[in-house]
Amino acid sequence: MSTQIPQPSQAAPDTTRIHNIGYRSYDGPRLGRAYARRSLFSQSLRGAYGLGRSAKSKVLPMLLAGVMCVPALIIVAVAVATKQTKLSIEYTQYAIFLQVVIGIYLASQAPQSVSRDLRFRTVPLYFSRPIERADYVLAKFGAMASALFILTAVPLLIMWIGSMLAKMDFAEQTKMFGQGIVSVALLSLLFGGIGLVMAALTPRRGFGVAAVIGVLTISYGAVSTLMGIAYATENPGAIEWLGLFSPITLIDGVQTAFLGAPPMFPELGGPGAGVGVVYLLTVLALIAGSYGILMRRYRKVGL
């Protein structure tokens, strides 16, 4: 007995279509890792001031940048109007006096730089190949430090220009301006590293903000209190060592020892050259340690 397989009465129509959507092969130069790193650095630096983001994102960083510059403009205006022979505040003191503004800026922008990347496991750029962990960390670290440097160096530049308008001594003002630039460069690297480490510990931006503010505020408050107690109990030997436990007093100690800056607390004095070496080595160790911790963090969580 045989079974006959029925044949379709009519073949199904062919519905295959080829669509040309414009894809073309790329035959240009291969720019490599360095270009990807520069692109991420540029995007992160712009983002630290809200550029390329929504108008709402620009308000706080631009406002804080303005607040940083206003005292410098007032100092310059007074110096020019009254024909002063020196500025009312030294270049190395400016960032110390405005540390609260710097801390708020860092607390708002460090989590913005890394927390969203950790939370969503993505970055706002397309790369032709996966970016290396070292490139990501270096770009983010460099961008945060550069953003802080712009924030702190622009007011110093305003003051230097104002000193020239007031016809102050060029050589003296330029030397002091250079000392201020070195100081804020160290501050930017130190604060940038600490801020990114705190922000990278959690993908939640709010927790990152609280962590950065907590580290900067609590450490400075505790060190200042202990310094006051040491001074009141006539124990000056402990004062210069207590400054090692707060980022802002570390910078103050380095510039007091090596840049001729007056100490933050004149009545307490500042570290000498010998202890200043310890301050400088501690700052450099914290910068390098922050980079190492970020590398370890991203080895664990990936990109």
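Everything quoted here is computed from the prediction, not taken from an experiment.

Trainee: Would you take a moment to explain the packing of aromatic side chains for this structure?
Mentor: Here the distance between the centres and the angle between the planes together describe a pair of aromatic rings. Throughout the structure, instances matching the rule amount to 6 aromatic pairs. Geometrically, the ring pair formed by Y49 and Y105 is tilted, given 5.5 Å between the ring centres and 40° between the ring planes. With Y49 in the loop between α1 (32–47) and α2 (55–82) and Y105 in helix α4 (residues 99–120), this pair connects stretches of sequence that are 56 residues apart. A residue is classified by how much of its surface remains accessible, and Y49, at 9% relative accessible area, is buried. Among the residues examined, Y105 registers a relative accessible area of 0% and is labelled buried.

Trainee: Mind showing me how you'd approach a nonpolar patch on the surface here?
Mentor: A cluster of nonpolar residues, L60, L63, V67, V100 and I104, forms a patch on the protein surface that exposes about 420 Å² of accessible area. Those elements giving two or more residues to the nonpolar patch turn out to be α2 and α4. Of all the elements, α2 adds the most residues to the nonpolar patch, at 3 residues. If you trace the backbone, L63 turns up in helix α2.

Trainee: Whenever I open this one, helix α7 (residues 205–232) confuses me. Can you help?
Mentor: Residue pairs spaced three or four apart in an α-helix point in one direction, given the helix's 3.6 residues per turn. Taking 1.5 Å of rise per residue, 28 residues should cover 40 Å, and α7 covers 41 Å from first to last C-alpha, within 8% of that figure. Every buried residue of α7 is accounted for by G208, V212, L216, S219, V223, M227 and A230. Among the structural elements, α4, α6 (170–200), α8 (236–242) and α9 (247–258) are those in contact with the buried residues of α7. E234 occupies a position one or two residues after α7 and carries a positive phi of about 55°.

Trainee: Quick question: what am I supposed to make of the side chain of S163 here?
Mentor: Counting through the fold element by element, S163 comes out in helix α5 (residues 133–165). Under the relative-accessibility criterion, S163 is labelled buried at 0%. Contacts of S163, omitting those with residues within four sequence positions, involve L87, Y91, M168 and Q173.

Trainee: I keep staring at α6 and nothing clicks. Help me out?
Mentor: Across its 31 residues, α6 extends 44 Å between first and last C-alpha, which sits within 8% of the 45 Å expected from 1.5 Å per residue. The opening residue of α6, the one whose side-chain oxygen lies 3.4 Å from the backbone nitrogen of A171, is D169.

Trainee: Sorry if this is basic, but what is going on with the confidence of the model for the chain here?
Mentor: Residues with a pLDDT of 70 or more make up 90% of the chain, whose mean pLDDT is 89. Least confident of the elements in the chain is α8, whose mean pLDDT is 85; most confident is α6, at 97.

Trainee: I tried to follow the packing of α6 against α7 on my own but got confused; where do I start?
Mentor: When two helices pack together, their arrangement is given by the angle between the helix axes and the distance between those axes. Contact geometry for α6 and α7: axes closest at 8 Å, N-to-C directions at 135°. Considering the angle they form, α6 stands oblique to α7. Here α6 runs over α7; the crossing is right-handed. For the pair α6 and α7, contact is made by F191, I194, G195, M198 and A199 and by G208, A211, V212, V215 and L216, respectively.

Analysis parameters
Residues numbered from 1 in each chain as written. Predicted model: local features only at pLDDT ≥ 70, side-chain atom pairs only at ≥ 80, totals over all residues. Heavy atoms only, no water. Phe/Tyr/Trp six-rings, centres within 6.5 Å; stacked < 30°, edge-to-face > 60°. Helix = DSSP H or I, 4+ residues; strand = E, 2+ residues; numbered from the N terminus. Buried < 20%, exposed > 50% of the residue type's maximum accessible area, 1.4 Å probe, protein only. Patch = residues over 30% accessible without salt bridge, like charges linked within 9 Å, V, L, I, M, F, W, Y side chains within 5 Å. Areas by Shrake-Rupley, 256 points an atom, 1.4 Å probe, with all protein chains shown as cover. Salt bridge = Lys/Arg side-chain N within 4 Å of Asp/Glu carboxyl O. Expected span 1.5 Å × (residues − 1). Contact = heavy atoms within 4.5 Å. Polar contact = N/O pair within 3.5 Å; in protein donor to acceptor, adjacent residues only side chain to side chain. pLDDT = per-residue confidence, 0-100. Axes fitted to C-alpha atoms, helices over the stretch in contact; angles between N-to-C directions. Parallel < 35°, antiparallel > 145°, perpendicular 65-115°, else oblique. Left-handed = near helix turned anticlockwise from the far one by under 90°.

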